[in-house]
Amino acid sequence: MGRKKSVVLMVLLTIVIVALCALTVFPAFTFPWDPIKGWQPAVASLDAGTELQGGYYTYYYPEGIISSAEYENDLEGFTEGSAEQTEYKNRFERHKGLWLEKDRQFGIFEDEENTATEVEGIANVSESFKAEFAAVTEEISSRFAKKGFSQYRVAVVDDYVLRIETPASAGVEMQFSYSNILSSMDMFHQLGGLSLKKGTEEIDGIDDEAPMTDYISGFSVETEYDTAFLVVTLTDEGETVLGDIKDSLSTSGTSSGTFLNFHVGDNTNALLSVGKDNFMSDMRIKYPLLADSGKAHVETYAILLNSALETGGFDFEFSVATVYQMEESDNMTFVFIAIGIVLLACLILPIIFFGKYGVTSAYTTLSYLIIAGLCFVFISGSFFEITLGSLLTFLFGLVLTNLVNAYVYTAIKKEFLSGKTVQSAVKKGYGKTLWHIIDTYAVLLIGALLMLIGGGGLHVMALQMLICLVTAAFNNLLWGRGINYVFLSACKDKYKYFRFVREDDDDDEE
């Protein structure tokens with residue numbers, strides 16, 4: 001390529017990269033004359049996880065288990081030393097920071113003669129209760145995973161209480177608003193099975209002993225006409241049974257009447273009340289719940305109903321504590337400062353050590369920032385929160401890109417010092433490092449693909465790792481070499497470009 005063409009192309013590349021950098025990460029600002037209008041970079045739309053931007057949490061207490069705070073508060077309501085207070089104390093057994101009620105109706109103990117083990121405050125809980133608690137913990141964790149909270153956390157506290165944490169961010173796609181989070185926490189603790197009633201009456205044709213999967217295939221969400229619908233797909237048998245009662249139902253939306261009611265557990269209030277107009281021609285039930293902006297809330301209904309349908313319910317009940325907001329911190333600011341420092345180092349240090357080749361390295365650094373940043377926004381950020389692991393993954397790819405650039409420079413310099421011309425050293429250096437770089441990225445990509453089998457945050461981190469590795473590989477194997485070719489062609493002094501000095505050996509004449 002001619003020098004003039006290289007200079008023109010270099011200028012165009014610079015303009016494009018600067019513009020894309022501004023689009024991706026240029027700090028937000030508002031105009032002095034209009035405090036409402038201004039600029040927002042693409043990364044400003046990213047949602048952050050709990051450790052970066054805070055979140056919400058609550059506790060699920062099994063029926064018959066209370067906290068120490070509630071226990072002490074209840075005791076204060078009795079006269080000190082009274083028979084009522086003594087009776088209340090005798091009802092419970094302490095287990096770490098919890099108090100467990102001994103009444104057999106709660107199924108926590110095999111009998112009411114429970115005694116603590118040799119370790120003080122560790123109750124002898126029945127194996128059946130432990131097994132049931134483990135099963136419902138797994139199911140509740142699965143519900144939050146299906147909800148899309150990549151950084152949700154279902155933690156077991158003191159062996160028999162669940163602490164639920166979700167991020168505070170409110171993304172456009174996932175609509176993680178407070179009301180959405182609150183409804184998820186409030187609904188997902190329900191563990192009963194699914195049942196159908198016509199009004200308050202049992203439905204002829206539905207066998208109480210048969211699983212509900214004989215009549216219902218599943219629940220899903222559809223959006224149409226700016227409305228989010230909860231869709232119920234029936235089995236052939238379900239179409240027959242419900243088809244017989246469809247015409248006797250009232251029209252949906254009327255103030256009173258007879259509806260097809262969907263119940264979860266023993267809750268007398270129907271989770272869903274369907275009218276005859278909600279039955280489609282294909283016998284699917286399509287119930288409008290909210291405007292399409294509330295699709296995330298409708299998904300909560302679908303997840304709960306599918307869970308109740310598939311599991312058949314559990315003989316287990318939780319109560320939900322107050323939902324609390326985690327205290328916001330400055331972690332996000334510190335993280336961005338740290339990323340800024342690393343990015344600045346990756347831009348300046350290559351120029352100091354490698355000369356104008358370092359400029360090529362700086363361009364690949366900025367290209368990595370643009371591509372990975374925009375992919376995080378429009379691919380990963382549309383579905384998942386950005387966590388501390390995401391940012392560490394981003395930094396890993398950034399540092400790896402620069403280490404590979406340094407490795408290539410070292411190989412080129414070695415070839416030059418062996419006596420080759422600059423052009424020949426560049427060609428040979430790239431050739432000798434090519435397969436080593438490919439092998440490195442292949443191993444890392446296989447590792448990231450293996451991580452995809454993990455659940456929750458590990459799966460999300462694997463996806464983001466793939467984005468970073470593919471971006472870094474593209475920059476090192478293709479894009480960076482192309483930029484180096486253009487810049488080298490535009491440079492008059494090839495030696496100064498790499499800061500090479502040819503050392504000639506002069507023979508002494510005798």
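Parameters at a glance
Residues numbered from 1 in each chain as written. Predicted model: local features only at pLDDT ≥ 70, side-chain atom pairs only at ≥ 80, totals over all residues. Heavy atoms only, no water. Phe/Tyr/Trp six-rings, centres within 6.5 Å; stacked < 30°, edge-to-face > 60°. Helix = DSSP H or I, 4+ residues; strand = E, 2+ residues; numbered from the N terminus. Buried < 20%, exposed > 50% of the residue type's maximum accessible area, 1.4 Å probe, protein only. Pairing = 2+ DSSP bridges. Axes fitted to C-alpha atoms, helices over the stretch in contact; angles between N-to-C directions. Contact = heavy atoms within 4.5 Å. Left-handed = near helix turned anticlockwise from the far one by under 90°. Nonpolar A, V, L, I, M, F, W, Y, C, P; charged D, E, K, R; others polar. Arc of directions from axis to C-beta. 1 Å grid on protein atoms, 1.4 Å probe; cavity = no way out; pocket = protein on both sides within 12 Å on 5 of 7 lines; lining within 4 Å. Points joined across faces, edges and corners; volume = space filled by probe spheres on them. Polar contact = N/O pair within 3.5 Å; in protein donor to acceptor, adjacent residues only side chain to side chain.

> Tell me about the packing of aromatic side chains, residues and numbers included.
In total, this model carries 31 aromatic pairs according to the counting rule given. An angle of 10 degrees between the planes, with centres 3.9 Å apart, marks the rings of tyrosine 71 and tryptophan 99 as stacked. Taken as a pair, tyrosine 71 in helix H3 (residues 68-75) and tryptophan 99 in strand E6 (residues 98-101) lie far apart in primary sequence, 28 residues in all. We classify tyrosine 71 as buried; its relative accessible area is 4%. Classification of tryptophan 99 by relative accessible area gives buried; the value is 14%. Between the aromatic rings of phenylalanine 129 and tyrosine 160, the centroid separation amounts to 5.8 Å while the plane-to-plane angle is 65 degrees, which identifies the pairing as edge-to-face. Residue phenylalanine 129 is found in helix H5 (residues 127-147), and its partner tyrosine 160 is found in the loop between strand E7 (153-157) and strand E8 (161-167); the two are separated by 31 residues along the sequence.

> Any chance you could break down the sheet that holds strand E5 (residues 92-95) for me, citing the residues and the numbers?
Taken together, the 3 strands give an open sheet; going across it, the order is E4-E6-E5, and neighbouring strands pair in antiparallel fashion. Two strands lie at the open edges of the sheet, namely strand E4 (65-67) and E5, each paired on one side alone. Each neighbouring strand pair of the sheet contributes to a mean axis angle of 30 degrees, computed without reference to strand direction. With respect to the sheet, H3 is in contact with E4, E5 and E6, its orientation differing from that of E4 by roughly 85 degrees.

> Help me get a handle on the packing of helix H11 (residues 388-417) against helix H12 (residues 422-451), residues and values and all.
Here H11 crosses H12 at 145 degrees, and the two axes come no closer than 8 Å. In this structure, H11 crosses over H12, and the sense of that crossing is right-handed. Judged by residue contacts, Phe396, Leu400, Thr401, Val404, Tyr407, Val408, Ala411, Ile412, Glu415 and Phe416 of H11 engage Val422, Ala425, Val426, Lys428, Gly429, Tyr430, Lys432, Thr433, His436, Ile437, Tyr441 and Leu444 from H12. Tallied by class, residues from the contact of H11 with H12 come to 15 nonpolar, 4 polar and 3 charged.

> How would you summarise helix H7 (residues 236-246) if you had to cite specific residues and measurements?
Those residues of H7 lying buried are Gly238, Val241, Leu242 and Ile245. Down the axis of H7, the buried side of the element spans an arc of 85 degrees, and every buried residue falls inside it. For H7, exposure combined with an orientation more than 90 degrees from the buried face picks out Asp236, Thr240 and Asp244.

> Provide a residue-level description of the side chain of threonine 433, including the pertinent values.
Inspection of the secondary structure puts threonine 433 in helix H12. Not counting chain neighbours up to four residues away, the residues in contact with threonine 433 comprise Tyr407, Val408, Ala411 and Arg481.

> Got a sec to walk through unusual backbone geometry? Specific residues and values, please.
Positive phi values are uncommon outside glycine, yet aspartate 159 reaches one of about 75 degrees. With respect to the helices, strands and loops of the structure, aspartate 159 is situated in the loop between E7 and E8. At methionine 283, a residue that is not glycine, the phi angle is positive and equals roughly 70 degrees. Residue placement: methionine 283 occurs in the loop between strand E13 (272-274) and strand E14 (285-291). Overall, the relative accessible area of 13% leaves methionine 283 in the buried class.

> Let's hear about empty space enclosed by the protein: which residues, and what values?
Summed over the entire model, instances satisfying the criterion amount to 1 cavity of 30 Å³ or more. Approximately 70 Å³ is the volume found for the largest cavity. What lines the largest cavity is Tyr357, Thr360, Ser361, Thr364, Val404, Asn405, Val408, Tyr430, Asn475, Asn476, Gly480 and Arg481. Mapped by element, the contributors of at least two residues to the lining of the largest cavity are helix H10 (356-380), H11 and helix H13 (456-490).

> Requested: an account of the side chain of glutamate 165, with residues and values cited.
Examined against the element boundaries, glutamate 165 turns out to sit in strand E8. Separated by 2.7 Å, the side chains of glutamate 165 and arginine 163 make a polar contact.

> Please give an account of the sheet that holds strand E12 (residues 260-264) that cites residues and values.
Reading across the sheet, the 3 strands line up as E9-E12-E13 and stay open at both edges, with antiparallel pairing between neighbours. The open sheet has two edge strands, strand E9 (194-198) and E13, and neither has a second partner. Strand-to-strand twist in this sheet, taken as the mean axis angle between neighbours without regard to direction, amounts to 20 degrees.

> An account of the layout of surface pockets is requested, with residue identities and associated values reported.
Of the voids in this model, the largest pocket is the one considered here, and its volume is about 850 Å³. Taken together, 31 residues make up the lining of the largest pocket; nearest its centre are Gly192, Gly265, Asp266, Phe316 and Glu317. At the level of secondary structure, the elements contributing two or more residues to the lining of the largest pocket comprise H5, E9 and E12.

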